[in-house]
Amino acid sequence: MAAAAAPPYDRFAELKAFDETKAGVKGLADAGITELPRIFHAPPHLLHDHPTAAPGDPNFVFPIIDLAGGAWAEDPDKRKQIVAEIRDASANWGFFQVVNHGFPASLVSEMIAGAHRFFELDVDEKKQYYSHDMRKKVVHHSNLNIYTVQTVNWRDTIMFQMAPDPPETEEIPACCRDVVTEYSREILKFGELLFELLSEALGLRPNHLKEMGCAEGVNLLYNYYPACPQPEITLGTTQHADFGFISLLVQDRIGGLQVLHRDHWVDVVPDSEGIVVNIANLLQVMSNDEFTSVQHRAVVKSVGPRVSATAFFGVGYTSNPRVYGPIRELLSEENPPKYKETTIQDFVTQSYKQGLNGVSFLDILKLAKD
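My aim in this report is to walk through the structure given alongside it, one point at a time. Computed from a prediction, not measured in an experiment: that's the story for all the values here.

Describing the overall build of the chain
Assigned secondary structure in the chain consists of eleven helices and 14 strands. The C-alpha radius of gyration computed for the chain amounts to 21 Å, which stays within 12% of the reference 21 Å derived for 370 residues, consistent with globular compactness. Oriented by its inertia axes, the alpha-carbon framework of the chain measures out at about 80 × 50 × 45 Å. Here the chain holds 370 residues, and 50% of them are scored as buried. By sequence separation, contacts in the chain at least 24 residues apart represent 78% of the contacts at least 6 residues apart. Total accessible area on the chain is roughly 17,000 Å²; 51% of this is exposed by carbon and sulfur atoms. Taking the 33 positively charged and 49 negatively charged side chains of the chain as two groups, their mean positions are separated by 3 Å.

Take a look at the structure:
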């Protein structure tokens, strides 16, 4: 007698069953799975679209910029050197890492520890924060757009909308409340410093980007990547470019961040005291392509958990009605505007929608050439 045919694969049912546990990928890891559910299987073109640069390859040296502990502020020559390095990295890589930045190292360590404390809570404690409603100021989820993405990432997340209108104190989980609050306050100050240097790198007054409101809105995001039983067939974060002005990331020693440069994936070697700066889409628009926002992703490993914390400047800052486009002071007859103007809210909303369709909203905003 012929064997009965296997029932057809019901992807939606598998997605729904996973999502409704509200336990995330950590729940699967804690259960001791040895094979990933099919929803986590990434297609080969996402995994192997570009080769990975060999460690130490001199053609792929990720930019590291030494801020000299702030000494550049009183040293004009050092300031010019740092601004030039930022200009080069922002134009050619869209990423760089700053060291000797003066940001409290103990606060970075405690921020990472706070992520571990949250994700290691009992599932029932974490469930109260689990949601797909981005109108909330504190949202825990495993893949926000889980029902629409091509492949589910091996990653859990909690997001805090911290500025300009922070959540009530009691809305933030007690296990990380103090550090999230302090970190957001300090990262806003540090963001102002970076926008000052980025303004100068564009040839503008130091306060130009700050006066445009670039340092007013910030979301903090914890990502948690448990050890993966089959890291070769999935991703922690699918390749993408960030929406806002800049993103500032700190990661633990396990690492996993990769940046696309010259058609190669380049590993960003973790530095416990380094802060990774990412030029995001809206700053590319404002710079009229002088700065570039590039694709990046997170790979997973058989060891873990890996934790990262990212501050997104501009993302979620929906109350700001200001229109952003190429900065007028950068334009000329030889350098006409390349993009239409947009609000942050429309940019984020449309970028999200177009991203699901495999289209960059940057391309939608581009003005037609004469």
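What to know about the environment of Gly32
Mapping Gly32 onto the fold places it in the loop between helix 2 (24-30) and helix 3 (44-47). For Gly32, a relative accessible area of 46% gives the class partly exposed. For the pair Gly32 and Pro229, spaced 197 residues apart in the sequence, the C-alpha separation amounts to 8.8 Å.

A word on empty space enclosed by the protein
Enumeration according to the criterion identifies one cavity of 30 Å³ or more in this entry. By volume, the largest cavity amounts to about 40 Å³. Lining the largest cavity are Tyr225, Pro226, Ile254, Gly255, Val299, Val300, Lys301, Val303 and Arg306. Of the residues that constitute the lining of the largest cavity, the class distribution is six nonpolar, one polar and two charged.

Observations regarding the packing of helix 4 (residues 76-92) against helix 7 (residues 177-201)
Interaxial distance between helix 4 and helix 7 falls to 9 Å at its minimum, and their mutual angle equals 80 degrees. Taken together, the axes of helix 4 and helix 7 are roughly perpendicular relative to one another. Along its contact with helix 4, which presents Arg79, Ile82, Val83, Ile86, Arg87 and Ser90, the element helix 7 presents Glu196, Leu197, Leu198, Glu200 and Ala201. A per-class count over the contact of helix 4 with helix 7 returns six nonpolar, one polar and four charged.

Overview of the sheet that holds strand 2 (residues 95-99)
One key point about sheets: their strands pair by backbone hydrogen bonds, in either a parallel or an antiparallel sense. In space, the eight strands of this open sheet follow the order 1-2-10-7-12-5-4-3, with mixed pairing throughout. Looking along the sheet, the strands with just one partner apiece sit at the ends: strand 1 (64-66) and strand 3 (138-141). On average, each strand axis in the sheet is inclined to that of its neighbour by 20 degrees, with strand direction left out of account. The pairing of strand 2 with strand 10 (residues 275-279) spans four bridges and is antiparallel. Each bridged residue has a counterpart across the sheet, and for Val98 the counterpart in strand 10 is Ile275.

Thoughts on the layout of surface pockets
The space that makes up the second largest pocket amounts to roughly 270 Å³. Phe60, Phe62, Val266, Asp267 and Val269 are, among the 14 residues lining the second largest pocket, the residues nearest its centre. Residue composition of the lining of the second largest pocket, by class: ten nonpolar, two polar and two charged.

Calculation notes
Residues numbered from 1 in each chain as written. Predicted model: local features only at pLDDT ≥ 70, side-chain atom pairs only at ≥ 80, totals over all residues. Heavy atoms only, no water. Helix = DSSP H or I, 4+ residues; strand = E, 2+ residues; numbered from the N terminus. Rg over C-alpha atoms; globule rule 2.2 N^0.38 Å. Buried < 20%, exposed > 50% of the residue type's maximum accessible area, 1.4 Å probe, protein only. Contact = heavy atoms within 4.5 Å. Areas by Shrake-Rupley, 256 points an atom, 1.4 Å probe, with all protein chains shown as cover. Lys, Arg positive; Asp, Glu negative; His and termini not counted. Charge placed at Lys NZ, Arg CZ, Asp CG, Glu CD. 1 Å grid on protein atoms, 1.4 Å probe; cavity = no way out; pocket = protein on both sides within 12 Å on 5 of 7 lines; lining within 4 Å. Points joined across faces, edges and corners; volume = space filled by probe spheres on them. Nonpolar A, V, L, I, M, F, W, Y, C, P; charged D, E, K, R; others polar. Axes fitted to C-alpha atoms, helices over the stretch in contact; angles between N-to-C directions. Parallel < 35°, antiparallel > 145°, perpendicular 65-115°, else oblique. Pairing = 2+ DSSP bridges.

All quantities given are derived from atomic positions and should not be read as evidence of function.
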